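This is what each chain is made of:
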Amino acid sequence: YFYIYLISIVVSILHQLPLIENNISHNRYFKNMKELISVSKDAIIVAMNDQAYVAVATAEDDFSLIQLLCGTSLHTKSAPTVDSSHEEKRQFETNNIDCNQIQAVAITSSNANDRIYCAVSRYDKSLSIYSMSNNDTTNIKETSEAAPILVHKTNKRCSALEFANISSDNDSSNGRGVLDVIVAADLAGDVHAFPVELLDTITTKVGQKRFLLGHTASMLTSLKIVHDKIFTADRDEKVRVSSFPQTFEVLGYLLGNESYVTDIDVKQDKYCVTVSGDCTMRLWDYRTYQEILCIHLSRELNGESCQVSNNEQGVDEPQKNVRCLPVRVCFNPEGNLIAVIFNIMNCVDIYAIKESKGGEVSGVQVEKMQSIQCLKPLGMAFFRDDLIVLTVEPKYFMCFRRNGDDEFADQEHQCKLVDSVRCIGEKNGIDMPESILEMDGATGKIKLERNMKDEIEGFVEHKPWLEGKRVQRKREKEKRRKKRRLEELANQEDGNVER
């Protein structure tokens, strides 16, 4: 019987091999989601296809623009690099892939040395670090150029970047006993920390990195670091909350999404907001890892406020067989507004958070405040009192400012930054991506989706990993088992007493 059982298993595996091969080839050239805009207190970085620009605020409504160059430094030997292998370059050329296409960007302003650090991750797995002084940028009248001070090589393409500080044994690094690093999440589900500057102890080796954490067999879609916590969202419907930088300590999970998590954002004190492929936006209390409320955005989109554009001229036409999904979400600096953009909608939705007088989480409400019209937004962020949005051509860049009626109004021809970025896009003829979600050219479906039973006959439907109801059932089952065990022990003791 054992041999018969073993033979049946082998036959079953051989029968499934064609399905597994089709499944792998279907996602062979999978591209991750793109994080194309990031802000700090005084600067903005935007990615426009294979070009990246930094806008540094020099005065009220005045900015200096700096183009971040790709590849080696302007000065020889000042930026160590690791080039892509010849095999990878041939693969890019064979599949008509631009290896310089930007995947993720990040920016931060350092108070310690009055510098601005930028990070740009590209399709060829390069992670370029840039550094510039605030004093140098205030005197720039025209668009200048900046070369990377360091170029790292990542194992997989990055899906999200975030700057942070990690305690360092080398106290001479910056005089504070901490090391400035760029934290990168990649397609393999791993998170690594890379130094932003070369130290005396690592000058001979560019690729010095520190492994922080990993999600087993699940690509990461978003990453946020707040104080002593790191939030990582993945393709398996969950958000993991770990201690930082002691990331081996898992603090908890935000469970409840029924599809892949596309983006997250975190408010400093208690709130975390997520959007996912089930077309929902969920607000969480990350201190207790409990869901506060859930908004089904598909119901919100049934109104007439949002239009869909399906051609290059921007004419509103209905799209067929394309799911409308939330792809980016962010808080404003005060944490009382939430902005959401979608993959095929010509709008940015603004939601207001209303707390109870006592500040209790149970009394929190989220209401839709406004729907801002703009052509195919690709990224957004709150910068000071403004909402900045990166879009497709011909607009490229838009700025919305809150007016006296508590609504965001377009600042076209009133913001110098908008005119400057738009002029660069038109002058260089930059073609922006249609969406930050990678679509399958054959089926038109999103490649983030695991369930492909429509394309592959016999494919097993994917069940949400560790969903809330399943966890609750498991806990109740464990309680019943322990109760039965206690009853059995009590009966044994009673029997011994009678004897």
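Residues numbered from 1 in each chain as written. Predicted model: local features only at pLDDT ≥ 70, side-chain atom pairs only at ≥ 80, totals over all residues. Heavy atoms only, no water.

**Q** Help me understand the overall build of the chain in this model?
**A** What the chain contains, in helices and strands, is six helices and 29 strands. For the chain, contacts bridging at least 24 residues in sequence account for 53% of all contacts bridging at least 6. Summing over all exposed atoms, the chain offers an accessible surface of approximately 25600 Å²; the carbon and sulfur share of this is 47%. (Helix = DSSP H or I, 4+ residues; strand = E, 2+ residues; numbered from the N terminus. Contact = heavy atoms within 4.5 Å. Areas by Shrake-Rupley, 256 points an atom, 1.4 Å probe, with all protein chains shown as cover.)

**Q** Got a minute to help me understand the pattern of salt bridges in this structure?
**A** Per the stated rule, a full pass over the model turns up 15 salt bridges. Asp-285 is the salt-bridge partner of Arg-287, the closest N and O atoms lying 3.1 Å from each other. You can call Arg-287 partly exposed: its relative accessible area is 47%. Judged by relative accessible area, which is 6%, Asp-285 ranks as buried. Glu-488 is paired through a salt bridge with Arg-485; the nearest N and O atoms lie 3.7 Å apart. (Salt bridge = Lys/Arg side-chain N within 4 Å of Asp/Glu carboxyl O. Buried < 20%, exposed > 50% of the residue type's maximum accessible area, 1.4 Å probe, protein only.)

**Q** Just checking my understanding: could you explain the packing of aromatic side chains for this structure?
**A** Given two aromatic rings, one states the distance between the centres and the angle between the planes to describe the pair. Going through the model one piece at a time under the given rule, you end up with three aromatic pairs. Both rings, one in Phe-63 and one in Phe-383, keep their centres 6.1 Å apart while their planes meet at 50°; by these two values the pair is tilted. Residue Phe-63 is located in strand 4 (residues 62-68), and its partner Phe-383 is located in strand 26 (residues 377-383); the two are separated by 320 residues in the primary sequence. An identical accessibility class is assigned to Phe-63 and Phe-383; each is buried. For the pair Phe-382 and Phe-408, a centre-to-centre distance of 6.2 Å together with 55° between the ring planes defines the contact as tilted. Taken together, the positions of Phe-382 in strand 26 and Phe-408 in strand 29 (residues 408-410) put the pair 26 residues apart, joining distant regions of the chain. The residue whose ring lies beneath Arg-157 is Tyr-123, and the NZ or CZ to ring-centre distance is 4.1 Å. (Phe/Tyr/Trp six-rings, centres within 6.5 Å; stacked < 30°, edge-to-face > 60°. Lys NZ or Arg CZ within 6 Å of the ring centre and 35° of its normal.)

**Q** Help me understand the confidence of the model for the chain in this model?
**A** Low pLDDT marks regions whose predicted coordinates should not be analysed in detail. In this model, the chain carries a mean pLDDT of 78, and residues with pLDDT of at least 70 account for 73%. Within the model, the stretch residues 18-31 combines pLDDT values under 50 with 25 contacts to residues more than four positions away or in other chains. (pLDDT = per-residue confidence, 0-100.)

**Q** Could you clarify how one ought to interpret the pairing of strand 19 (residues 271-276) in this entry?
**A** Two faces make up the sheet, and in a regular strand the side chains alternate between them. Of all six residues that make up strand 19, six are buried, and the element is covered over most of its length. Alternating residues of strand 19 divide into Tyr-271, Val-273 and Val-275 and Cys-272, Thr-274 and Ser-276, and every residue in both groups is buried. As paired elements, strand 18 (residues 261-266) and strand 19 share five bridges and run antiparallel to each other. The residue bridging Val-261 from the neighbouring strand is Ser-276, located in strand 19. (Pairing = 2+ DSSP bridges.)

**Q** How do you make sense of the environment of Cys-330 when you look at a structure like this?
**A** With respect to the helices, strands and loops of the structure, Cys-330 is situated in strand 22 (residues 326-331). Between the C-alpha atom of Cys-330 and that of Asp-265, which follows or precedes it by 65 residues, the distance is 5.4 Å.

**Q** Whenever I open this one, the sheet that holds strand 10 (residues 158-167) confuses me. Can you help?
**A** Sheets are built from strands paired through backbone hydrogen bonds, the pairs being either parallel or antiparallel. Pairing within the open sheet is antiparallel, and its four strands lie in the order 10-11-12-13. Of all the strands in the sheet, just strand 10 and strand 13 (210-214) have a single pairing partner and so form its edges. Averaged over neighbouring strand pairs, the angle between their axes works out to 25° when direction is ignored. Inspection of the sheet shows strand 10 paired to strand 11 (residues 178-186) by nine bridges, in the antiparallel sense. When the sheet's bridge partners are listed, Ala-164 is paired in strand 11 with Val-181. (Axes fitted to C-alpha atoms, helices over the stretch in contact; angles between N-to-C directions.)

**Q** In this structure, what is going on with the nonpolar core? I would like to understand it.
**A** One broad rule of soluble globular proteins: the nonpolar side chains tend to lie buried together. Of all hydrophobic cores here, the largest spans 68 residues; its most connected members are Leu-68, Val-348, Leu-387 and Phe-397. Sequence-distant contacts of Leu-387, that is, excluding residues within four places in its chain, are made with Ala-339, Val-348, Ile-350, Ile-372, Met-380, Ala-381, Phe-382, Met-398, Cys-399, Phe-400 and Phe-408. One finds Tyr-271, Leu-297, Met-345 and Ile-353 within the second-largest nonpolar core, a separate group that totals 22 residues. (Core = buried A, V, L, I, M, F, W, Y, C linked by side-chain atoms within 4.5 Å.)

**Q** Looking at this model, I keep getting lost on the environment of Gly-335. Mind explaining?
**A** By the secondary structure assignment, Gly-335 is in the loop between strand 22 and strand 23 (337-342). The exposure class of Gly-335 is buried, given its relative accessible area of 3%. In the structure, Gly-335 is positioned 67 residues away from Gln-268 in sequence and 8.2 Å away in space, judged by C-alpha atoms. If near-sequence neighbours (up to four positions away) are discounted, Gly-335 is found in contact with Lys-267 and Ile-353.

**Q** Would you mind showing me how to read the sheet that holds strand 8 (residues 144-146) here?
**A** Strand order across the open sheet formed by five strands is 1-2-3-4-8, with mixed pairing between neighbours. A strand with exactly one partner marks an edge of an open sheet, and here the two such strands are strand 1 (37-39) and strand 8. For this sheet the average axis-to-axis angle between neighbouring strands, irrespective of direction, equals 25°. One ladder, built from three bridges, connects strand 4 with strand 8; its direction is parallel. In the sheet register, Gln-67 faces strand 8, and the bridge partner there is Glu-145. Against the sheet, helix 5 (residues 416-428) makes contact with strand 2 (43-48), strand 3 (51-59) and strand 4, and its axis sits at roughly 30° relative to strand 4, the strand it touches most.

**Q** Explain helix 5 to me, please; I cannot follow it from the model alone.
**A** Relative to the 18 Å expected for 13 residues at 1.5 Å per residue, helix 5 spans 18 Å between its end C-alpha atoms, a close match to the ideal helical length. Taken residue by residue, helix 5 has Leu-417, Val-418, Val-421, Arg-422, Ile-424 and Gly-425 as its buried positions. What you see down the axis of helix 5 is that its buried residues fit within an arc of 155°, all on one side. Away from its buried face by more than 90 degrees, helix 5 exposes Lys-416, Glu-426 and Lys-427. On its buried face, helix 5 sits against strand 2, strand 3, strand 4 and strand 28 (397-402). At the exit of helix 5 stands Gly-429, carrying a positive phi of roughly 60°. (Expected span 1.5 Å × (residues − 1). Arc of directions from axis to C-beta.)

**Q** Explanation requested: a nonpolar patch on the surface in the structure shown.
**A** Taken together, the side chains of Phe-2, Tyr-3, Leu-6 and Val-10 make up a nonpolar region of the molecular surface, amounting to roughly 460 Å² of accessible area. Secondary-structure assignment places Leu-6 in helix 1 (residues 2-26). (Patch = residues over 30% accessible without salt bridge, like charges linked within 9 Å, V, L, I, M, F, W, Y side chains within 5 Å.)

**Q** Before we go on, may I ask you to explain the environment of Asp-278 in this structure?
**A** By secondary structure assignment, the location of Asp-278 is in the loop between strand 19 and strand 20 (280-285). A polar atom in the side chain of Asp-278 sits 2.6 Å from the side chain of Thr-280. (Polar contact = N/O pair within 3.5 Å; in protein donor to acceptor, adjacent residues only side chain to side chain.)

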